[in-house]
Each structure stands twice: as structure tokens, then as C-alpha cells.
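For reference, the chains in residue letters:
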Amino acid sequence: MNPEPLRHIAAADLPVLVAGNELLSSGRGAAALDGLTVCVAALLEQYGPVPLVPLDALPPEARCVAVGAVGGFAPLIELPFSGDEFAGAVRALEDRLGHRVDAIVALNSAGPNALVPLAAAAALGLPLVDCDGMGRILPLIHQTTYALAGLPVGPLAAMSAAGDAVVLDTSTARADLLLRGVVDASGGLMACAMYPATAARLRHAAIRGATSRIVRMGELLTTQNRHAAVLAGLARTVGARLLASGRVVALDLPGPTAGARQYPSMPTSIVVSDPATDGPVVRLEAQNEILLALVDGAVVAAVPDVVCLLDRQELRPVGLEGIAVGDHVDVLVVPAAPMWHTPEGLALAGPRAFGFPVRHPNEEGNR
């Protein structure tokens, strides 16, 4: 692994970036990222590598905006980004704010949103700040440590692949609801710029080192070919712990009428066990991302911690779209940033926020 921190991100770094963010996608996988990766690589080759700067390296008055894609994975394949939306969303927000921005931050450094802020930074000639507001994927734009620290999500600007652009002036509580209607009408996917804030305010709100973390994981996952070394490396790099290993013995995929009303997500249940050793039975509940892990009926891990699957043969994260009965997997838990384990953090993104009537394992009275 490269001991030197990454100072720039070039097109050649994208395979490592994609491999690393799969793990923090909590079951999402990277199956839909090929087109986006090609688009971002083209921007990086056209405009050159993007500087990756620590949050503390920015002057306190530096103006930043968070960038991310909002919408579904299917539109990402069916209606891919053209490459103009990322800068377009930021420019639209700048027009509303009345000033230029100095740096781009990530809404979340996982899944497509590990790449979208990079694309915006490349097209605008701005640095990417090494931080994000989730440390994983969460479905709603206000489920962030930015909002948790009191930063307003708006005004926000969004742009679609067709060039539709909107600017929303609304409260943080209503922004996602209003934005989803626009996103649906625009084909199901838009690039968004939001959470305008100075670097000084972000220092109390952001999860630092988010991009560096997925780069370190990507380096590990693309260079190590021994199972024990991968697990040890993930434990050392991101504090991952092994919950259980076994075969996928049952898989309950969403039906055509299934789906949660509150979230843009679909429910899935996975059962993992090892009949040969009479080991524990692990049940995983997902709504696009894995949200809850139960061992023999007891909750042992839950959102906002990242529960994810590692294919024991391929030594790669495996997404829900690719999981099959008979797969031999490790169930891993990556702890969330400490801000998420506060009562306020768990209220915003803990298991009860997703409709599960259970306590997070870190909550008092649950151990």
C-alpha cells in the first residue's frame, strides 16, 4: 500500500477509488458505476488531476459546496450523465448565492457520490476537500453530519442530463421531498450542489479524510489476494470487524409491489449461516443498503454503521444486485463516524429512522 497521502486524483486513480467505495456502499456494489467512471475519467483527462486537500488546509473563510447525485441507480445506467451537469449545478448555485465557490466537498464518499464531486471539481478547476457528510450511503439528503451540525441544506441547485436546472429555497426538512419530485420529472437522476458553507463551519460538521479512506481501502482490495490479509487490512484501515462467515442460504428480493413509502428504497432480506459448523444464523435487512444485522434473532449491528458483504473467493465487496444463494461471504461491520453515535445522530440515521422498532447496539440498555 502507498504510505504517502494522495494529493491529487487523476484518471488512473479511479479504479482504486471505485474499489474502495464499494465497501462503504453497504451492499450497493459498483455494478452501475461503469458509465459514470468513464465520464469522470474523461473529465480528468480533459482538465487534469484534481487537488485533494485536507479541510484544515483551507482558510476559514473559503466557500465550499457539497456535490452529489440524487436519484436511482437504474437511471444512472439508462440515462447516464453527459458531463456538463456537475459544473452546471454548482454554477446555478453560485448564481443564487451571488459569489463563486472556492472548493468542492462530497455529499457522501460512497457509491456514485465518490465520483460525482470529483467530476464537479475537475470541470470547475477547483480542489476537492477530503471530507464528506455521511461516511457511507444514506438515502436522504438531510441524513448528513452537515445537517446534524446545523448547516442548512439550501439553497440548493440541481441539473439533469437533459439540461433541466432548478434552484430550491426551502428548509432542510422539506428539501428532499421537493427535490425528489423534480428528480422524478427529470428522468430519475440529477447532479446537485447543496450545503453552501465556509470551511470554518464545515470543520464542526464534516467527516474528515473520507476520500483518503476509500483510496486506502481500494489499494488494499486491489493489491491483496490473501483472505486473512484483507480482513486484517480492513480492520486496521477502517476498524472493520468480522461479524460472521457462511453461505447465503436464503434471499428475499423485492417484489414488483414492494417498497418503503418513506424512503426511495426497496426491501431485501438475506440469511447467512454455515450449516456445516452449526454456526449462528445471520439475518440482514436492507432497503437498497444493508441497515440491520441480527445474529440468532438479536440485533448486533445497525445503520449508521456500515454492514457489508465480502465475497470470500473473490475478496471483493459484493452488492445486493449480485448476491445469490450459495455465495460464501463474510459479513463485516465498519463503524460510523462518532457523530453518528450521538442520540441526535441515531435519531436521524439509526434503525428507527428506517422504521425498524429496535435500538442501535450502542444505545444504552441494548447490551
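It is worth spelling out the overall build of the chain at this point. Helix and strand counts for the chain come out as 11 helices and 18 strands. In terms of C-alpha radius of gyration, the chain reaches 19 Å, essentially the compact-globule figure of 21 Å for 367 residues. Seen along its three principal axes, the alpha-carbon backbone of the chain occupies a region of about 65 × 40 × 40 Å. Split into buried and exposed, the 367 residues of the chain put 57% on the buried side. Within the chain, contacts between residues at least 6 apart in sequence are counted, and of these 73% link residues at least 24 apart. As presented, the chain carries roughly 14600 Å² of accessible surface, and 53% of it is formed by carbon and sulfur atoms.

Below, the discussion takes up the pattern of salt bridges. According to the stated counting rule, one finds 10 salt bridges in the structure shown. With a closest N to O distance of 2.9 Å, Glu-363 and Arg-352 form a salt bridge. Linking Glu-363 in the segment after helix 11 (343-349) with Arg-352 in the segment after helix 11, this pair joins segments that are 11 residues apart in sequence. Accessibility expressed as a relative area gives 15% for Glu-363, which makes it buried.

Okay, the sheet that holds strand 15 (residues 298-302) next. Here we have 8 strands laid out as an open sheet, ordered 15-14-13-12-11-18-16-17, and antiparallel in their pairing. A strand with exactly one partner marks an edge of an open sheet, and here the two such strands are strand 15 and strand 17 (316-317). Where helix 10 (residues 227-238) meets the sheet, its contacts fall on strand 11 (241-252), strand 16 (306-311) and strand 18 (328-334), and the angle it forms with strand 18 comes to roughly 15°.

Our next topic: the pairing of strand 14 (residues 289-295). When you tally the buried positions in strand 14, you get 7 out of 7 residues, the bulk of the element. Taken together, strand 13 (residues 282-287) and the strand that follows it, strand 14, pair antiparallel across an intervening segment of 1 residue, in which Asn-288 is found at a positive phi of about 75°. Counting the residues in the hairpin turn of strand 14 and strand 15 gives 2 residues, including Asp-296, whose phi is positive at 50°.

Moving on, we get to the confidence of the model for the chain. Any segment with low pLDDT has predicted coordinates that should not be analysed in fine detail. Taken over all residues, the pLDDT of the chain has a mean of 89, while the share at 70 or more is 93%. Within the chain, strand 4 (residues 103-106) carries the highest mean pLDDT (98), whereas helix 3 (residues 73-78) carries the lowest (74).

Here strand 3 (residues 63-71) lies mainly inside the structure; 7 of its 9 residues are buried. When strand 3 meets strand 9 (residues 189-198), the two strands line up antiparallel, connected through 8 bridges. Considered in strand 9, the bridge of Ala-66 is made with Met-194. Across 4 bridges, strand 3 lies against strand 4 in parallel orientation. Looking at the pairing, Cys-64 lines up with Ala-103 of strand 4.

In this section: the side chain of Glu-94. Examined against the element boundaries, Glu-94 turns out to sit in helix 4 (residues 85-97). For Glu-94, a relative accessible area of 3% gives the class buried. Contacts of Glu-94, omitting those with residues within four sequence positions, involve His-99, Arg-100 and Val-101.

Quick look at the environment of Leu-151 now. Note that Leu-151 resides in the loop between helix 6 (145-148) and strand 7 (156-159). Given a relative accessible area of 4%, Leu-151 falls into the buried group. Sequence separation between Leu-151 and Ala-205 is 54 residues, and the spatial gap between their C-alpha atoms is 7.8 Å. Among all residues touching Leu-151, those that are not within four sequence positions of it are Tyr-146, Thr-172, Tyr-195, Ala-197, Arg-201, Leu-202 and Ala-205.

How each quantity is defined
All residue numbers refer to positions counted from 1 along the written sequence of the respective chain. Thresholds applied to this predicted model are a pLDDT of at least 70 for local features of residues and 80 or more for the giving and counting of side-chain atom pairs; totals over whole chains, interfaces and linings are not thresholded and use all residues. Side-chain measures here rest on the full set of heavy atoms in the structure, leaving out hydrogens and waters. Secondary structure elements follow DSSP: runs of H or I of four or more residues count as helices, runs of E of two or more count as strands, with numbering from the N terminus. Restricting the calculation to C-alpha atoms gives the radius of gyration, and the globule rule supplies 2.2 Å times the number of residues raised to the power 0.38. Categorising residues by exposure relies on relative accessible area from a 1.4 Å probe, with only protein chains included: less than 20% of the type maximum marks a residue as buried, more than 50% marks it as exposed, and the intermediate range marks it as partly exposed. Between two residues, a contact is recorded if the distance between any of their heavy atoms is within 4.5 Å. Under the convention used here, a 1.4 Å probe and the Shrake-Rupley method define accessible areas, while residue burial counts only the protein chains that appear. Salt bridge, as applied in this entry: a Lys or Arg side-chain nitrogen positioned within 4 Å of an Asp or Glu carboxyl oxygen. Two strands make a pair as long as DSSP finds a minimum of two bridges between them. Note on definitions: angles span 0 to 180 degrees between N-to-C directions of axes, and those axes are lines fitted to C-alpha atoms, for helices only across the stretch in contact. Confidence scores labelled pLDDT are given residue by residue by the predictor and lie between 0 and 100.

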